[in-house]
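# Tertiary structure, described
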Amino acid sequence: MTQIHSDTSQKEAQSKVKLSARNIFVDYGAEHVLKDVSIDIPEKTVTALIGPSGCGKSTFLRLFNRMNDHLEGFQRKGEILIDGEDIYHDQKHLEELRETVGMVFQKPNPFPKSIYENVAYGLRIRGVKDKKRLDQVVEESLIKAALFDEVKDHLKKNALSLSGGQQQRLCLARSLAVDPSILLMDEPASALDPISTAKIEELVEELKKKHTILIVTHNLQQARRVSDQTAFLYFGELVEYGNTEQVFTQPKEEQTAHYIGGRFG
Amino acid sequence: MNRITRSKIIDQLFKYFGILCTSIGLIMLAALLINVFSDGFGRLSIDFFTALPSRFPEKAGILTAWTGTLWIFGLTILIAIPLGVGAAIYLEEYTRKGFLSNVLEINIANLAGIPSIIYGILGLTIFVRTLRLGESVLSGALILSLLIMPIIVVSTREALRAVPKTIKEASLALGASQWQTIWHQVLPAAFPNILTGIILALSRAIGETAPLIMIGALTYVPFVAKSPLDEFTVLPIQIFNWISRPQAGFAINAAAGIIVLLGIVFVLNGIAVVIRQRARNKIKW
């Protein structure tokens, strides 16, 4: 179960491995959430994590920016590598790590501040005071998140007055403002209507030119549409990992076929 | 009688029971207010606020008492808020949930139930005698701070807990430190509720008498405190003092003093409600 090579490993070998998990075990108290998961994720691609509720997808995703560290009873064994470096090695670099790894959450969670301040937050906490620089980064980030045109005339407005879809794109802009090379997305469209969902998917497509993206999704069609690789997790184990087209059309494992075929989940 | 009519009758009965409960409280309060106002309202005048205590009821005023109350109030704010809010932040945001934090939590909740006179004895021993602060405003403020700290800690923790976890996560995921997250996100969001708790606690401190009697604030103080180390008296003690005298004139003074004290508490609570409403309108999750 440890190492699962995909069919496309030859092709992927050409592009650099950005993220790796090595024999990851995660426990919450007495509960085993992840069991011996290993995976290599190539740079500037989209990887979808699929599987039924409670299979450990979100926990796995949150390993990459160490968000699990804040949860009660979290225990981990194994390594998470970014560009070959173990991110759990040194406690001190948590803030730095999260500059490299951005995250968009399941439920839009803008701060109860203005649109501008939401996007500027990541820079402000790093001590950036230069108004011009802030203005520029806020604008660029909002453009990248395809929100600028909708909000450019009222950047001072409270972010909570935006619609759910706009809020989620604002959260994306907020992450992009600190220029992360990796983006983690935890079911980013599950609380959104179909049009807003389509916008998020378009953005994912666009953003992978510059960012390595991991996306957890319940929506299999979405996984198929947006991702290059798909990883199927089931009861804390990585059942199958490979090229998305292959996973969906010719799954190697019976469980994968059952899940994709809608027989459980 | 069928089931539906019966439950309707019970509904009605409960409604009247509720009205009865509410009106008992209101009637008692109204009786108290009418009584106090009819006795003391005529006594309220500028002289009453500017006169020093006196053996003659018509000459006696509350200058030392209300200035003492302001002193105590100001110092208690300065001492109790940082201590209470700081402790609450530590307990809520920094400690790991476990046996120790449970023990701490229960103990703090218990502190809020200790009779205030015990705090007075504690203060007499520690602040007045051991630290030699004397029967001063500072001693009084320290005692009241200890007294209301548990209330502030408990209410502040509630307020911090009510801030959505998603907001904290968003901040942390952007690379903010724990303290940055608390300072920029958690505290502003929790502010209205923290403030409410603080003001309720302070209203309690203002009306508190027993622990201050313990450190000698009951003695006749013929001057206005000029520094935190001066002797002092406060409104509730002045009222208590007057009530315990035989002359009828002092009873009127006491009633007037009660009106002033009620007024202060009323204004404080009013401010709390206004600030809370304003802040809440700004933040809607």
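What counts, and where the lines are drawn
Residue positions within a chain follow its written sequence, with the count starting from 1. Just so you know, chain letters begin at A and ligand numbers begin at 1, following the order they were written in. Under the rules for a predicted model, residues below a pLDDT of 70 receive no local features and side-chain atom pairs below 80 are neither given nor counted, while totals for whole chains, interfaces and linings still include all residues. Excluding hydrogens and water, the side-chain figures rest on all heavy atoms present in the structure. Here, two residues are considered to be in contact whenever any of their heavy atoms come within 4.5 Å of each other. Buried area is calculated as the accessible area (1.4 Å probe) missing from two parts once they are joined, with the contributions of both summed. When a carboxyl oxygen of Asp or Glu is within 4 Å of a side-chain nitrogen of Lys or Arg, the pair counts as a salt bridge. Polar contacts, as used here, are pairs of N or O atoms within 3.5 Å; protein pairs need one atom able to donate a hydrogen and one able to accept it. Residues neighboring in sequence count only if both atoms are side-chain atoms. Under the scheme used here, helices are H or I runs from DSSP no shorter than 4 residues and strands are E runs no shorter than 2 residues, and both carry numbers assigned from the N terminus. In the scheme used here, Gly and all other residues not listed as nonpolar or charged are polar, with Ala, Val, Leu, Ile, Met, Phe, Trp, Tyr, Cys and Pro taken as nonpolar and Asp, Glu, Lys and Arg as charged. Aromatic rings from Phe, Tyr and Trp, with only the six-membered ring used for Trp, were paired whenever their centres fell within 6.5 Å, and each pair was classed as stacked if the ring planes differed by under 30 degrees, edge-to-face if by over 60, and tilted otherwise. Between buried and exposed lies partly exposed: a residue is buried under 20% and exposed over 50% of the maximum accessible area for its type, with that area taken using a 1.4 Å probe on protein chains only. Each patch groups residues whose relative accessible area exceeds 30% and which form no salt bridge, using 9 Å between like charges and 5 Å between nonpolar side chains of Val, Leu, Ile, Met, Phe, Trp and Tyr. Only the protein chains shown count as cover for residues, with accessible areas throughout obtained via the Shrake-Rupley method and a probe of 1.4 Å. Only the stretch in contact is used when fitting a helix axis, every axis being a line fitted to C-alpha atoms; angles between N-to-C directions are given from 0 to 180 degrees. Small angles under 35 degrees read as roughly parallel and large ones over 145 as roughly antiparallel, with 65 to 115 read as roughly perpendicular and the rest as oblique. Helix crossings get a hand from a simple test, with the near helix turned counterclockwise from the far one by less than a right angle marking a left-handed crossing and a clockwise turn marking a right-handed one.

### Concerning the interface of chain B and chain A
Buried accessible area, meaning the area lost when the parts come together, often serves as the stated size of an interface. Counting from both sides, the interface comprises 22 residues of chain B and, opposite them, 25 residues of chain A. Overall, the association of chain B and chain A removes approximately 2,000 Å² of surface from exposure, summing both partners, and the carbon and sulfur fraction of that is 56%. Interface area lost by chain B to chain A is led by E169, A173 and L174 of chain B, which between them contribute 30%. Among the ionic pairs, R62 of chain A bridges to E169 of chain B, the shortest N-O distance being 2.5 Å. Across the chain B-chain A interface, the total number found is six residue pairs in polar contact (both at pLDDT 80 or more). Secondary structure elements with two or more residues in the side of chain B that touches chain A: helix 7 (165-173) and helix 8 (178-207) of chain B. Ranked by residues supplied to the side of chain B that touches chain A, first place goes to helix 7 of chain B with eight residues. A class-by-class count of the residues in the side of chain B that touches chain A yields eight nonpolar, eight polar and six charged.

### What to know about the packing of aromatic side chains
According to the stated counting rule, one finds 12 aromatic pairs over all chains in the structure shown. Where F60 of chain A meets F64 of chain A, the ring centres are 5.4 Å apart and the plane angle is 90 degrees; that geometry is what we call edge-to-face. Of the two residues examined, F60 of chain A and F64 of chain A, each falls in the buried class. Pairing F48 of chain B with W242 of chain B gives two aromatic rings, centres 6.0 Å apart and planes at 35 degrees, and the pair type is tilted.

### Quick notes on the pattern of salt bridges
Counted under the stated rule, the structure contains 21 salt bridges over all chains. Residue D83 of chain A pairs with K18 of chain A through a salt bridge whose shortest N-O separation is 3.1 Å. One end of the pair, D83 of chain A, is in the loop between strand 4 (74-82) and strand 5 (85-86); the other, K18 of chain A, is in strand 1 (residues 17-28), with 65 residues separating them in the sequence. Residue K18 of chain A is classed as buried on the basis of its relative accessible area, which comes to 6%. Taken together, the shared-partner salt bridges connect E92, E105, R157 and R161 of chain B into one network.

### With respect to the side chain of T47 of chain A
All names here are of chain A. In this fold, T47 is placed in strand 3 (residues 46-50). At 2.8 Å, the side chain of T47 forms a polar contact with the side chain of Q229. When near neighbours in sequence (up to four residues on either side) are disregarded, T47 contacts I41, I213, L214, I215, S227, Q229 and Y241.

### With respect to a nonpolar patch on the surface
Residues and elements named next belong to chain B. Residues L29, L32, L33, F37, F41 and L262 make up a contiguous nonpolar surface patch of roughly 520 Å² in combined accessible area. The dominant element in the nonpolar patch, judged by the number of residues it contributes, is helix 1 (residues 3-40), at four residues. Following the sequence through the fold, F37 ends up in helix 1. On the basis of relative accessibility, which here comes to 34%, the residue F37 falls in the partly exposed class.

### Observations concerning the packing of helix 3 (residues 63-94) of chain B against helix 8 of chain B
All names here are of chain B. Contact geometry of helix 3 with helix 8 gives a least axis separation of 9 Å together with a crossing angle of 135 degrees. Considered as vectors, helix 3 and helix 8 are oriented oblique to each other. When the axes of helix 3 and helix 8 are compared, the crossing they make is right-handed. In this structure, helix 3 contributes T69, F73, T76, I77, I81, V85, I89, E93 and Y94 to the contact, and helix 8 contributes Q178, W179, I182, V186, L187, I194, I198, L202 and I206.

Note that all results are geometric; they support no functional claim without further evidence.
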